[in-house]
Amino acid sequence: MARRSITETSPIEVYRLLPRTNCGECGEPNCMAFATRLVNREVSLESCPPLLLPEHDSDLADLSALLAPPVRAVRIGQAEREITLGGKYVVQRHEFTYHNPTCCALAVDDTLAREELVQRLRTISEFSYNYIGRDLRLDAVALRSATGDPDQFREAATTIAATCKLPLVLCSPDPDVLRVGAEAVPGRRPLLHAADRTNWREMALLALDTDSPLVVSAPDDLSGLRSLTKTLRAWGIEDLVLDPGTFVGPGLAHTIRNFSRCRNAAIRDGDELLGYPLLGAPIAAFAGEELDPVRCAFDEALTASVLLSRYADILILQGLEGWSVLPTLIWRFNLYTDPRKPVAVEAGLREFGSPDRVSPVLVTANYALTYFTVESDIKAANISCYLVVADTGGLSVESAVAGRYFSAAGIAEALESSGVAEKVDHRVLVIPGLAARLSGEAAEATGWKVLVGPKDSSGLGPFMKERWPPGPA
Amino acid sequence: MNGRDLVGALGPELLALLRTAGRIELEGFSLELDELEFRLPHGALAPAALVPPGAEAVPERPSDLLEAEYVPERTEYPGRIREVVLGATRREGGSRARALTVGGAEAPAFSLFDRPIVNRPVISMDVFDTRVPMPKALRAPFEEVRDDPAAWARLNVHQFGAKAITVHLLSTDPLIKNTSPRKAAATVEEVLQAVDVPLIIGGCGDPRKDADVFFEVAAMASGERLLLNSVTLEMATAKTLEKVARAAAEHGHNLLAFTGLELNDAKELNRRLYEYVPPEQIVMDLTTVALGYGLEYSFSIHERARQAALMGDAELQHPTISGSTNAWSAREAWMPMPPTYGGPERRGPLWEAETAIALLLAGVDIFMMSHPAAIGAMREALDVLTSWPLEEVAEGRANDWVTAAIGGET
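For every chain, the first residue of the written sequence is number 1, and numbering continues from 1 onward in sequence order. Naming scheme: in the order in which they are written, chains are lettered from A and ligands are numbered from 1. Per-residue local features of the predicted model are confined to residues with pLDDT of at least 70, and side-chain atom pairs are confined, for both listing and counting, to 80 or more; whole-chain, interface and lining totals are unaffected and use all residues. For side-chain calculations, the full set of non-hydrogen atoms in the structure is used, while hydrogens and water are omitted.

**Observations concerning the overall build of chain B**
Thought 1: Within chain B, the regular secondary structure consists of 13 helices and 10 strands.
Thought 2: The criterion used for residue contact is that any of the two residues' heavy atoms lie within 4.5 Å. Within chain B, contacts between residues at least 6 apart in sequence are counted, and of these 73% link residues at least 24 apart. Helix and strand assignments come from DSSP, with helices taken as H or I runs of at least 4 residues and strands as E runs of at least 2, each series counted from the N terminus.

If you want it as structure tokens, here you go:
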């Protein structure tokens, strides 16, 4: 049975189930406003204290059902470092928006000497890249039992528990190995990988004993996945994650097909047995015939990119060098921005350093990445200047010029409303190199002399040295 | 024996049994006790598991797998993407060794794999007619040929296996060299003679100059079924669109309709073009932005366009193209960074490949690319994704990563 898509739920339906007291405890002016934000998934039901009172139990249950995502939200890890997997409402991000960014779990294994393990854990925990003013980080650690030896696994798990706070994934096909690992990290609620057609009873008991979420694995076998989730649900286990198998190389098409089928079945067809988060393992690129570690990391990154685009909710990764991790983290961040809202900064005038009446005036777009890049380059080059941020609808300079959101008229308007003309004595405007073709029209529209700046703002330092102050017009 | 002792004796066995069986029925068994208390490890069993048979609401733990078959359904779409032919052979009035057909999709790309891919997406390799600023890692493979478009095209075809070539006539830009249309056409002619693959001809982005250049090129290469890259709404404003479109129609070339991440603009431009050329001669460029610089906008606009086209929007039923070389505008592709990020010769090709592959999944049909390593990765992906039926996989291998010995510093 097809379930109703998220965009078909109306605020009125939600409003009818709310307490309708307009108490404002949620921070909204009234219950209708709260209902609208609920439908947009911008707030959660817990933000309404009256709804949590016993007399509203049945309304709360109805609301939870009405608003529940067709892909279950599964939490892993302990309270303060918890991560939510899944919780998806749509197949394609433009239909609504994606929630709960794909968890990137970096693998370690029980063959590593203690110092190596601790070092790798530190690298994982400390990895950070500043992108548009945010720190991109790795989210979790996946411990693999490469030796098959329970003692080795216990020791590695104990070391991890003692030195690393990130959520854990414990991986072994052997339930006994997995059990000693889980028991070595009490209270951490690790994600257990994995129950399959042969070991599922023992894995189910382990999941129940340790109150941990469980992966079900059936490579290239969706009937197997459905059978496993059906059975485990009958056992009372709901926190499940699906691993349809990640094949790199010749099997990539199977991988994509299985991920796509799971997600389409869950969301478009309302198949509850496939309505769970999906686990992808780009690390498989390291377990094939290819031996060159650079080539493996390259293939892993491409596989990760494909699986991010094709609905993975958690990825197990091996490559820990910045060049292969970075595109994965950036693409993950990008896919999970809300397509309903441009990633924009406010338009207007910014001042850097201590600008005076002869300081340069620059103009740029209000796409967040553009702005933060220009900002950091201005600061790095130690330039005192005025920066006019034009409203380009949250598009970068290049796209905004192409789409005519950044035009001579727009530049003139931004310049005018910034009031920068009163702060400087000159009339010279530096426009981005990527907007070079607007230079003539911009000069005409603003009445200012226009200098075409560098194509990339990293060139602003040398540009200013060479071109500022500008010669007489 | 009191209840507590009894359970003390039975408990471990019961537990052991339950671990594997999941459920036990006690038959022919009676028990009279004042107090019965089970002490079992927390969570080892659901509380109801020891309730005697016959009781209501026992959540039964099945001991065998409950089979639940997955039955795939094939979705039919009312719309279909038009096919566009790039290049013409001698028999067709051109001089190419073979023509390439793109488009024809009847379902979202590379998703459910429930039917063969109609036409394999095409990768076209870039050639520039002038020295444009280019990251070192990107220009390194072409250092010897950067001043000779014909030699560059030959290198792309013979050494890197290009199946199509894009000649970017950037020198025609009034702000660069302002090369004349006649001279630009001569460059195209040289490339046509140097290689026998289909050509895409890129302009400089100036709506007036491009129109003059394309007009000249269209006549010179009459019958070659070039793809003129590109026509825009700016040309409509500058009143040069008609000139290019009529020249394309007269000489049998394809037009690339370029718009900036806005489907309404794309539809409007296509409507204008339908006045002059058959829809089968139109390809759309919806704009490719680099990974990290807004690729998600490009990704979603292509997903939206393809979805709408398949659902029946005829004005969007055109093949699409991506200028994936744009990936190199991302500073993460080419800038020096700390050692863990490797050099641009490693980062750059990965950046270009990731930008292209994201758009491949969104349905793009033609890729304009540059770096041989990025192109190699795309070709490998295309080989796998376009084979039909799908190559067999060894199911047993999928989870090798769980226990594999993975060595080396990674």
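**Quick look at the overall build of chain A**
Thought 1: Along chain A, the regular secondary structure elements total 16 helices and 17 strands.
Thought 2: Projected onto its principal axes, the C-alpha coordinates of chain A cover approximately 85 × 60 × 40 Å.
Thought 3: In chain A, the proportion of contacts linking residues at least 24 apart, taken out of those at least 6 apart, comes to 66%.
Thought 4: Asp and Glu are treated as the negative residues and Lys and Arg as the positive ones, with His and the ends of the chain left uncounted. Each charge is placed at NZ for Lys, CZ for Arg, CG for Asp and CD for Glu. Charge separation in chain A, taken as the distance between the mean sites of 47 positive and 61 negative side-chain charges, equals 3 Å.

**Considerations on the packing of aromatic side chains**
Thought 1: Each Phe, Tyr or Trp ring, with Trp reduced to its six-membered ring, pairs with another whose centre is within 6.5 Å; inter-plane angles below 30 degrees give stacked pairs, above 60 give edge-to-face pairs, and intermediate values give tilted ones. Applying the stated criterion across every chain yields a total of 13 aromatic pairs over all chains.
Thought 2: Considering the side-chain rings of Tyr98 of chain A and Tyr336 of chain A, the 5.5 Å spacing of their centres and the 50 degrees angle between planes classify their relative orientation as tilted. Taken together, the residues Tyr98 of chain A in the loop between strand S2 (83–86) and strand S3 (103–109) and Tyr336 of chain A in the loop between helix H11 (322–335) and strand S13 (348–352) connect sequence positions 238 residues apart.
Thought 3: Relative accessible area serves as the criterion here: at 12%, Tyr336 of chain A is assigned to the buried category.
Thought 4: With 6.3 Å between their ring centres and 55 degrees between their planes, Phe127 of chain A and Tyr341 of chain B make a pair best called tilted. With one member in each of two chains, Phe127 of chain A in the loop between helix H4 (114–126) and strand S4 (129–131) and Tyr341 of chain B in the loop between helix H10 (331–334) and helix H11 (344–361) form a pair that bridges those chains.
Thought 5: When a residue's accessible area, from a 1.4 Å probe over protein chains only, is under 20% of the maximum for its type it is buried; when over 50% it is exposed; and in between it is partly exposed. Look at Phe127 of chain A and you get buried, because its relative accessible area is 8%.
Thought 6: A ring is scored as having a charge over it whenever the NZ atom of a lysine or the CZ atom of an arginine sits within 6 Å of its centre and within 35 degrees of its normal. The ring of Tyr15 of chain A has Arg20 of chain A lying over it, and the distance from NZ or CZ to the ring centre is 6.0 Å.
Thought 7: Against the face of Tyr371 of chain A rests Arg350 of chain A, its NZ or CZ located 4.8 Å from the ring centre.

**Here's the deal with the sheet that holds strand S10 (residues 240–243) of chain A**
All names here are of chain A.
Thought 1: If you walk across this open sheet you meet the eight strands as S10-S9-S8-S7-S6-S3-S12-S11, and the pairing is parallel. Strands with a single pairing partner mark the edges of an open sheet, and in this sheet they are S10 and strand S11 (279–280).
Thought 2: By the convention used here, strands pair only if DSSP detects at least 2 bridges between them. In this sheet, strand S8 (residues 191–195) lies alongside strand S7 (residues 168–171) in parallel orientation, the contact comprising three bridges. Bridged to Cys171 within S8 is His193.
Thought 3: Interaxial angle, 0 to 180 degrees, is taken between N-to-C directions of lines fitted to C-alpha atoms, where a helix line uses only the stretch in contact. Set on the sheet, H4 makes contact with S3 and strand S6 (140–144); between it and S3 the angle comes to about 170 degrees.

**Description of the pattern of salt bridges**
Residue and element names in this part refer to chain B.
Thought 1: Just to be clear on terms, a salt bridge is a Lys or Arg side-chain nitrogen sitting within 4 Å of an Asp or Glu carboxyl oxygen. Under the definition given, this model contains 54 salt bridges over all chains.
Thought 2: A salt bridge links Arg146 to Glu143; the shortest N-O distance between them is 3.5 Å.
Thought 3: Note that Lys243 is salt-bridged to Asp212, the shortest N-O span being 2.7 Å. Of this pair, Lys243 sits in helix H7 (residues 241–251) while Asp212 sits in helix H5 (residues 207–220), and the two are 31 residues apart along the sequence.

**What about the side chain of Thr231 of chain A?**
Thought 1: As for its placement among the helices and strands, Thr231 of chain A is situated in helix H8 (residues 222–234).
Thought 2: For Thr231 of chain A, a relative accessible area of 0% gives the class buried.

**Some words on the domain arrangement of chain A**
A common way to state how big an interface is: give the accessible area lost once the parts meet.
All names here are of chain A.
Thought 1: Where each domain starts and ends comes from a domain assignment, either automatic or drawn from a database. Taken domain by domain, chain A comprises domain 1 (6–67), domain 2 (73–335) and domain 3 (348–467).
Thought 2: A C-alpha centroid distance of 33 Å is found between domain 1 and domain 2.
Thought 3: Listed as interface residues are six residues of domain 1 and, on the opposing side, five residues of domain 2.
Thought 4: Two parts placed together each lose some accessible area under a 1.4 Å probe, and the buried area is that loss summed for both. For the pair domain 1 and domain 2, the summed buried area comes to about 410 Å², and 67% of that belongs to carbon and sulfur atoms.

**Concerning empty space enclosed by the protein**
Residues and elements named next belong to chain A.
Thought 1: For cavity detection a 1 Å grid was placed over the protein atoms alone, and a set of points counts as a cavity when a 1.4 Å probe fits there but cannot get out; an open set counts as a pocket when protein lies on both sides within 12 Å along at least five of seven lines, with lining residues being those that have an atom within 4 Å of a point. Grid points are joined across faces, edges and corners, and a volume is the space filled by probe spheres set on the points. Per the counting criterion, the structure on display carries four cavities of 30 Å³ or more.
Thought 2: As for the largest cavity, its lining consists of 13 residues, and the residues nearest its centre are Cys23, Gly24, Cys26, Cys31 and Cys48.
Thought 3: For the lining of the largest cavity, the per-class residue count stands at seven nonpolar, four polar and two charged. Each residue is assigned to one of three groups, with Ala, Val, Leu, Ile, Met, Phe, Trp, Tyr, Cys and Pro labelled nonpolar, Asp, Glu, Lys and Arg labelled charged, and all others, Gly among them, labelled polar.

**Re unusual backbone geometry**
Peptide bonds are mostly trans, and most non-glycine residues show a negative phi.
Thought 1: For the bond from Trp468 of chain A to Pro469 of chain A, the omega torsion is 0 degrees, close enough to zero to count as cis.
Thought 2: Tracing the backbone through its elements, the reader meets Pro469 of chain A in the segment after helix H16 (460–467).
Thought 3: In this structure, Pro389 of chain B follows Trp388 of chain B across a cis peptide bond, with omega equal to -5 degrees.
Thought 4: For Pro389 of chain B, the position within the fold is in the loop between helix H12 (372–386) and helix H13 (400–403).
Thought 5: Non-glycine residue Asn22 of chain A carries a positive phi angle of around 50 degrees.
Thought 6: Of note, Asn22 of chain A is situated in the loop between helix H1 (11–17) and helix H2 (31–39).
Thought 7: By relative accessible area, which is 41% here, Asn22 of chain A ends up partly exposed.
Thought 8: For Phe110 of chain B, which is not glycine, the phi dihedral falls at a positive 45 degrees.
Thought 9: In this fold, Phe110 of chain B is placed in the loop between strand S2 (100–103) and strand S3 (122–128).
Thought 10: Among the residues examined, Phe110 of chain B registers a relative accessible area of 3% and is labelled buried.

**Quick notes on the nonpolar core**
Thought 1: Core analysis: the largest hydrophobic core is formed by 261 residues, its most contacted members being Ile316 and Phe406 of chain A together with Ile165, Ile201, Leu273 and Trp401 of chain B.
Thought 2: When neighbours within four sequence positions are excluded, Ile165 of chain B is seen to be in contact with Ser124, Met125, Val127, Ala153, Asn156, Val157, Val191, Val195, Val197, Pro198, Leu199 and Ile200 of chain B.
Thought 3: By size, the runner-up hydrophobic cluster in this structure holds 14 residues, among which are Val39, Leu45, Leu60 and Leu67 of chain A. In plain words, nonpolar cores are sets of buried Ala, Val, Leu, Ile, Met, Phe, Trp, Tyr and Cys residues tied together by side-chain atoms within 4.5 Å.

**What about the interface of chain A and chain B?**
Thought 1: Of the residues lining the interface, 106 residues belong to chain A; the matching set on chain B comes to 85 residues.
Thought 2: Here chain A and chain B share nine salt bridges between them.
Thought 3: Between Arg197 of chain A and Glu67 of chain B there is a salt bridge; the shortest N-O distance is 3.3 Å.
Thought 4: Each polar contact in these results corresponds to two N or O atoms within 3.5 Å; when the atoms are within protein, one needs to be able to donate a hydrogen and the other to accept it, and residues that are neighboring in sequence are counted only if both atoms are side-chain atoms. Taken together, the links from chain A to chain B amount to 33 residue pairs in polar contact (both at pLDDT 80 or more).
Thought 5: Within the residue set of the side of chain A that touches chain B, elements represented by two or more residues are S4, helix H7 (200–210), H8, helix H9 (252–268), helix H10 (293–309), H11, helix H12 (368–380) and helix H13 (397–402) of chain A.
Thought 6: Here the residues of the side of chain A that touches chain B sort into 50 nonpolar, 33 polar and 23 charged.

**Thoughts on the pairing of strand S1 (residues 83–86) of chain B**
Residue and element names in this part refer to chain B.
Thought 1: What you see with S1 is a clean split: Val84 and Leu86 sit on the buried side and Glu83 and Val85 on the side with no burial.
Thought 2: Of the pairings in the sheet, the one linking S1 to S2 comprises four bridges and is antiparallel in character. Within S2, the residue paired with Glu83 across the bridge is Gly103.

**Some points on the pairing of strand S12 (residues 314–317) of chain A**
Residues and elements named next belong to chain A.
Thought 1: Every second residue of S12 is oriented toward a common face, with Ile314 and Ile316 on one face and Leu315 and Leu317 on the other, all of them buried.
Thought 2: Two elements, S11 and S12, share two bridges in a ladder whose sense is parallel. Following the sheet pairing, Leu279 is matched in S12 by Ile314.
Thought 3: When the strands point away from the viewer, a crossover counts as right-handed if the route from the first strand across the helix to the second turns clockwise. Once you follow S11 into H10 and on to S12, the crossover reads as right-handed.

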